[in-house]
Amino acid sequence: MIEEPPKLQIRKTIRRPSAAQIEAFRGIPTGFLCDAMEGQGALCSTIQPIGGGRDLPTHAHGPAVVAENGPAEILATMGAVHVSQPGDIIVSAVHGHKNCSAAGDRFCGIMKNRGVAAFVTDGQMRDYPGIVAAGLPAWCAGLSPNSPYSNGPAKVGFGAVVGGRYIETGDMIVADIDGVVVVPFARIDAVIAQLAAIQELETALDAKVQAGLREMPAIEAMLADGTAKLVD
């Protein structure tokens, strides 16, 4: 017989990046981070700013505290809120379950009171006007008024697959109007080291476009060296 797991498991030690590492991601567009990670790192595009970003801030950054819920469950999220610290981003995994909310306005109000930076889930949310009133940035897969359960089993502070990517507690989360990106804990310093160069290249290209750039230099080069040809 399979042994029944504990109803809720909370990791004793919650890993977090340093304050300097966290600060390095302030205001950084998610696209820059993907450029620093071979074009990858974003969660599934179904996870978007709640309400399309029309009523709440659309940029947040902070270390993930992962709540691994079952479908239609919120017990792990409750545990994550309990151990959260100011600046954390609570990531609620519900295995992509739809037609049931993963959090509502009261949850968001409590998280806001604790100083949580944002909430991210692969599930849906509810009580949109109350969430806006609470002022907590949130990314989710839509809205549903149906109620969740809190029966467990559930785990907090470990890892889970969310939006097609495995996220571990302590990974950096950066979210904006384009979506949500995860920077694995082990890659944080390497990504930070690339950001200045990426920003410089983007700024230079922006200036060229604003000055009237109309061609794609890479295509012109390919035509010049024969790797591309004009054909009838």
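Placed above this text is the structure.
Everything numeric here is computed off the predicted structure, so don't read it as measured data.

Draft legend 1. Examining the overall build of the chain more closely. Assigned secondary structure in the chain consists of 7 helices and 11 strands. Principal axes of the C-alpha set define a box for the chain whose edges measure 65 × 40 × 35 Å. Counting over 232 residues, the chain shows a buried share of 43%. Restricting the contact set of the chain to residue pairs at least 6 apart, pairs at least 24 apart contribute 75%. Accessible surface, the chain: about 12,100 Å² in total, of which carbon and sulfur atoms supply 55%.

Draft legend 2. Structural context of helix α4 (residues 105-113). Of the residues making up α4, those classed as buried are F107, C108, G109 and M111. Where α4 is buried, its residues touch α3 (75-83), β4 (89-93), β5 (118-121) and α5 (128-134). Looking one or two residues beyond α4, the residue adopting positive phi is G115, at roughly 90°.

Draft legend 3. View of the packing of α3 against α4. At their nearest, the axes of α3 and α4 sit 10 Å apart, and the two run at 20° to each other. With respect to each other, α3 and α4 are oriented roughly parallel. Note on packing geometry: the crossing formed by α3 with α4 is left-handed. Listed contacts from α4 to T77, M78 and V81 of α3 are F107, I110 and M111. Residues of the contact of α3 with α4, tallied by class, amount to 5 nonpolar, 1 polar and no charged.

Draft legend 4. Structural detail: the side chain of S92. For S92, the location among the structural elements is in strand β4. Given the relative accessible area of 0%, S92 is considered buried. Setting aside chain neighbours within four positions, we find S92 in contact with A67, N69, T77, A102, F119, V120, T121 and D122.

Draft legend 5. Local environment of the side chain of T121. Of note, T121 is situated in strand β5. The class of T121 is buried, set by a relative accessible area of 0%. For T121, the side chain forms a polar contact with the main-chain oxygen of S92, separated by 2.9 Å. Apart from the residues lying within four places of it in its own chain, the contact partners of T121 are I47, S92, V94, A102, W139, C140 and A141.

Quick notes on the rules
- All residue numbers refer to position in the chain's written sequence, counted from 1.
- Note on the predicted model: pLDDT of at least 70 is required for a residue's local features to be given, and 80 or more for side-chain atom pairs to be given and counted; whole-chain, interface and lining totals, by contrast, use all residues.
- Only heavy atoms go into the side-chain values, all of them from the structure, while hydrogens and water stay out.
- Runs of E in the DSSP output that reach at least two residues are strands. Runs of H or I that reach at least four are helices, and both are numbered from the N terminus.
- Only protein chains enter the accessibility calculation, which uses a 1.4 Å probe; a residue whose area is less than 20% of its type maximum is buried, one above 50% is exposed, and one in between is partly exposed.
- For this analysis, residues touch if any pair of their heavy atoms sits within 4.5 Å.
- All accessibility values rest on the Shrake-Rupley procedure with a 1.4 Å probe; residue burial counts only the protein chains present in the view.
- For helices, the axis comes from a line fit to the C-alpha atoms of the stretch in contact; other axes are also lines fit to C-alpha atoms, and the angle between any two N-to-C directions lies between 0 and 180 degrees.
- Just so you know how the angles are binned, under 35 degrees is roughly parallel, over 145 roughly antiparallel, 65 to 115 roughly perpendicular, and the rest oblique.
- Rotating anticlockwise by less than a right angle from the far helix to the near helix defines a left-handed crossing, while the corresponding clockwise rotation defines a right-handed one.
- Gly is placed with the polar residues, together with every amino acid not listed as nonpolar (Ala, Val, Leu, Ile, Met, Phe, Trp, Tyr, Cys and Pro) or charged (Asp, Glu, Lys and Arg).
- Whenever two N or O atoms come within 3.5 Å, that pair is a polar contact, provided that in protein one can donate a hydrogen and the other can accept it, and provided that, for residues adjacent in sequence, both atoms are side-chain atoms.

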